[in-house]
Amino acid sequence: MTGKQMVDKQMTDVAIVGGGMAGASLALLLAHHCPGLKVTLLERQSIAIEAGELKLPSFDTRATAIAAGSLRIFDELGLWPELQKYAAPIRRVQVSDRGHSLGASLQAQREADASFAGMLGAVVENAALGPMLYRALAESAVDVWAPAEVVKVEMHLQGAHLEVQCDTQITKLDTRLLVVADGADSALCRQLGIATEKVDYQQHALVTTVGLQRDHGGVAYERFTDRGPMALLPLPKRDGVHRAALVWTCENGSEQELAGLPEAEFLQRLQNSFGWRAGRIVRAGKVHNYPLTLSLAREQVRRGVALVGNSAHFLHPVAGQGFNLTLRDCDTLARIVGREMAAKGANFAQSGPGELELMQHFWRERQQDQMLTIGFSDKVPSLFASRNLLVSGLRQLGLLGLALAPAARAAFARQAAGIAR
């Protein structure tokens with residue numbers, strides 16, 4: 001992918017460790033907002049785009065719900081025209097609680113004031129999103145190293161000194177800002193001594209693509225059951241089949257049984273749990289399962305260090321907000337560095353993108369959004385899973401309020417669309 005001749009020692013302004021969705025997006029945002037800044041993206045695995053497929057863990061069989069605010073960020077990067085080819089619009093979100101008739105329906109045109117043809121967002125399969133990001137990187141000034149694994153890191157006043165293994169060669173790389181984007185179980189965080197706080201939800205997510213008998217009409221479903229939340233997200237039609245991405249959370253211990261069911265039995269269990277709001281579910285692809293935890297880094301910034309993506313926060317997928325929160329983080333970081341470069345001009349070379357004041361500014365800008373989004377993703381599953389009659393009554397009042405109160409519904413829709421202010 002890189003075609004790069006490694007040398008013994010190199011320097012860069014920003015080194016991003018981790019080439020998944022967070023790292024690739026941040027690299028593109030820095031290239032856009034910070035022209036002249038040298039950005040190096042380090043990915044542990046080889047990168048090859050063949051027949052439109054990119055083989056990396058974060059670009060797997062899952063799909064990502066991209067909120068309207070995130071679509072605007074991609075549009076500013078010039079990526080929306082291509083992304084649109086692989087995206088299914090979310091025009092409405094229907095929220096329901098199993099066993100109760102109340103629910104809420106969020107309409108994009110009326111409530112979110114979305115600029116993308118009345119869309120609350122769109123759903124894109126990760127297998128399509130990855131190659132698109134890397135095609136854009138290939139046309140940018142970003143220097144991509146792959147395979148490249150950071151085997152040693154040492155911090156100093158001017159940034160970080162990295163020892164990077166590229167195939168069989170060790171390359172030394174000095175950077176003024178080290179961005180950690182290597183996932184929830186971050187090896188780099190362990191090297192830096194950055195601890196994480198974790199909550200085990202005692203749940204797994206079953207993920208697959210399903211076929212629907214009828215067109216989904218751009219409706220995304222959030223369905224809460226006493227076993228855990230379910231999401232059914234619209235996907236583009238393929239080979240004449242109406243498709244949707246399923247995320248079905250289940251209690252630990254039941255994931256293997258459900259994932260291993262014959263297709264007909266799996267579909268029957270799914271239909272019984274989800275109901276008939278989306279019509280008959282007629283097909284299911286291979287089912288994958290993932291353990292669900294909340295993981296939060298105790299520090300997201302230091303002098304010369306910033307954490308983004310799952311390294312900073314790994315959320316429950318209930319509201320599909322993990323990547324959208326990450327993209328807002330990355331966009332803010334790139335804009336802050338860009339403004340600092342423009343304000344200081346030639347003097348920026350002395351301070352650099354990793355100065356402590358700049359990192360603290362980034363953290364202050366992102367703290368409230370992170371607190372609200374993480375709190376919502378953490379509390380909602382347990383609230384809707386509760387069998388307590390009082391809690392059940394309160395959540396029904398909440399859904400009734402959303403159903404009847406336009407202002408509350410509009411605020412909820414704006415937050416879900418990532419355009420709340």
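Bear in mind that the values here come from a model prediction, so they are computed numbers and not experimental data.

*Asks:* Outline the overall build of the protein, supporting the account with residue identities and numerical values.
*Replies:* Summing up its helical and strand segments, the protein has 13 helices and 22 strands in all. For the protein, long-range pairs separated by at least 24 residues make up 73% of all intrachain contacts whose partners lie at least 6 apart in sequence.

*Asks:* Before we move on, could you go through unusual backbone geometry and cite the residues and values that matter?
*Replies:* In this model, A146 is joined to P147 through a cis peptide bond whose omega is -5 degrees. One can find P147 in the loop between β10 (143-145) and β11 (149-156). The phi dihedral of Q202 is positive, around 55 degrees, even though this residue is not glycine. Structurally, the position occupied by Q202 is in strand β14 (residues 196-212).

*Asks:* For the pairing of strand β13 (residues 169-180), give the residues involved together with the corresponding values.
*Replies:* Taking burial as the measure, the 12 residues of β13 include 9 buried ones, the bulk of the element. Direction of pairing for strand β1 (residues 9-17) relative to β13: parallel, over a ladder of 8 bridges. What sits directly across from V17, in β13, is V180. By the bridge criterion, 7 bridges tie strand β12 (residues 159-166) to β13 in an arrangement that is antiparallel. Paired with V164 across the strands is T171, a residue of β13. Where β12 hands over to β13, the hairpin turn is made up of 2 residues, of which D167 adopts a positive phi near 60 degrees. Relative to strand β21 (residues 305-307), β13 runs parallel, the two being bridged by 3 bridges.

*Asks:* So, the packing of aromatic side chains: which residues are in play, and what are the values?
*Replies:* Taken as a whole and assessed by the stated rule, the structure comprises 3 aromatic pairs. Summarising the aromatic geometry, the rings of F74 and F323 are spaced 6.3 Å apart at their centres and angled 20 degrees between planes, so their arrangement reads as stacked. With F74 in helix α2 (residues 68-76) and F323 in helix α9 (residues 322-344), this pair connects stretches of sequence that are 249 residues apart. You'll find F74 and F323 in the same group, each marked buried. Measuring from ring centre to ring centre gives 5.7 Å for Y221 and F274, while their planes differ by 85 degrees; the resulting arrangement is edge-to-face. With Y221 in strand β15 (residues 219-225) and F274 in helix α8 (residues 263-274), this pair connects stretches of sequence that are 53 residues apart. When its relative accessible area of 1% is taken as the criterion, F274 is described as buried. Between the NZ or CZ atom of R62 and the centre of the ring of Y290, over which it lies, the distance is 4.1 Å.

*Asks:* Go over the packing of α2 against α9 with me, naming the residues and quoting the values.
*Replies:* It is the contact of α2 with α9, at a shortest axis distance of 9 Å, that shows an interaxial angle of 45 degrees. By the angle between their axes, α2 is oblique relative to α9. Both α2 and α9 take part in a crossing whose hand is left-handed. Facing S70, I73, F74 and E76 of α2, the residues of α9 in contact are F323, N324, L327, R328, D331 and R335.

*Asks:* Any details on the nonpolar core? Residues and values, ideally.
*Replies:* One finds I16, L30, L37, F74 and L83 to be the most contacted residues of the largest nonpolar core, which totals 55 residues. Ignoring any residue separated from it by four or fewer positions in sequence, one finds F74 in contact with S25, I66, L79, W80, L83, L133, F323 and L327.

*Asks:* Outline the confidence of the model for the protein, supporting the account with residue identities and numerical values.
*Replies:* It should be kept in mind that the predicted coordinates are not to be read in detail where pLDDT is low. On average, residues of the protein carry a pLDDT of 85, and 80% of them reach 70 or more. Low pLDDT, under 50, characterises residues 388-409; the stretch is placed with 31 contacts to residues that sit more than four places away or in other chains.

*Asks:* How would you summarise the side chain of S311 if you had to cite specific residues and measurements?
*Replies:* Structurally, S311 is set in the loop between β21 and β22 (313-314). Judged by its relative accessible area of 2%, S311 falls in the buried class. One polar contact links the side chain of S311 to the main-chain amide nitrogen of D182, over a distance of 3.2 Å. Once residues lying within four places of it in the same chain are set aside, the contact partners of S311 are V180, A181, D182, G183, A184, S186 and A297.

*Asks:* Explain the side chain of R328 residue by residue, including any values.
*Replies:* Take R328: it is sitting in helix α9. On the basis of relative accessibility, which here comes to 12%, the residue R328 falls in the buried class. Polar side-chain contacts of R328 include one of 2.6 Å to the side chain of D369.

*Asks:* Lay out the sheet that holds strand β5 (residues 63-67) in plain terms, naming residues and giving numbers.
*Replies:* Reading across from one edge, β5-β9-β6 is the order of the 3 strands in this open sheet, with antiparallel pairing throughout. Each edge of the open sheet carries a strand with a single partner, namely β5 and β6 (87-90). When strand polarity is set aside, the average angle formed by the axes of neighbouring strands in this sheet is 25 degrees. Bridging between β5 and strand β9 (residues 121-125) involves 5 bridges; their strand directions are antiparallel. From the neighbouring strand, T64 faces β9, where its bridge partner is V124. Lying over the sheet, α2 contacts β5 and β9, oriented at roughly 90 degrees with respect to β5.

*Asks:* Tell me about the pattern of salt bridges, and name the residues and values.
*Replies:* Applying the stated criterion across every chain, the model contains 17 salt bridges. One salt bridge connects R366 with D329, and the closest N-O pair in it is separated by 2.5 Å. Of the two residues, R366 is situated in helix α11 (residues 356-385) and D329 in helix α9; the sequence distance between them amounts to 37 residues. On the basis of relative accessibility, which here comes to 1%, the residue D329 falls in the buried class. For R366, the salt bridge identified is with D369, shortest N-O distance 2.6 Å. Of this pair, R366 and D369 both sit in helix α11, separated by 3 residues, roughly a single helical turn. Connected through shared salt-bridge partners, R328, D329, R366 and D369 make up one network.

Quick notes on the rules
Positions within a chain are numbered from 1, following the residues in the order the chain's sequence is written. Where local features are concerned, this predicted model is filtered to residues with pLDDT of at least 70; where side-chain atom pairs are given and counted, the filter is 80 or more; whole-chain, interface and lining totals use all residues. Excluded from the side-chain calculations are hydrogens and water; all other atoms, namely the structure's heavy atoms, are used. Think of it this way: any DSSP run of H or I at least four residues long counts as a helix, any run of E at least two long counts as a strand, and we number them from the N terminus. In this analysis, two residues are considered to be in contact whenever any of their non-hydrogen atoms come within 4.5 Å of each other. Only protein chains enter the accessibility calculation, which uses a 1.4 Å probe. A residue is then buried if its area is under 20% of the maximum for its type, exposed if over 50%, and partly exposed in between. Two strands qualify as a pair provided that DSSP identifies no fewer than 2 bridges between them. In this analysis, rings of Phe, Tyr and Trp, with Trp reduced to its six-membered ring, are considered paired at centre separations within 6.5 Å, and the interplanar angle assigns stacked below 30 degrees, edge-to-face beyond 60, and tilted for intermediate values. The criterion is that NZ of a Lys, or CZ of an Arg, lies within 6 Å of the ring centre and within 35 degrees of the ring normal, and then a charge sits over that ring. The axes are straight lines fitted to the C-alpha atoms, using for helices just the contacting stretch, and the angles between their N-to-C directions are given from 0 to 180°. Just so you know how the angles are binned, under 35 degrees is roughly parallel, over 145 roughly antiparallel, 65 to 115 roughly perpendicular, and the rest oblique. Crossings are sorted by hand: turned counterclockwise from the far helix by less than a right angle, the near helix makes the crossing left-handed, and turned clockwise it makes it right-handed. For the purposes of this section, nonpolar cores are sets of buried Ala, Val, Leu, Ile, Met, Phe, Trp, Tyr and Cys residues that join through side-chain atoms within 4.5 Å. Values of pLDDT, which run from 0 to 100, indicate the predictor's confidence residue by residue. Any N or O atom pair separated by 3.5 Å or less is treated as a polar contact, with the protein-specific requirement of one donor-capable and one acceptor-capable atom, and with residues adjacent in sequence counted only for side-chain atom pairs. A side-chain nitrogen of Lys or Arg and a carboxyl oxygen of Asp or Glu constitute a salt bridge if their distance falls within 4 Å.

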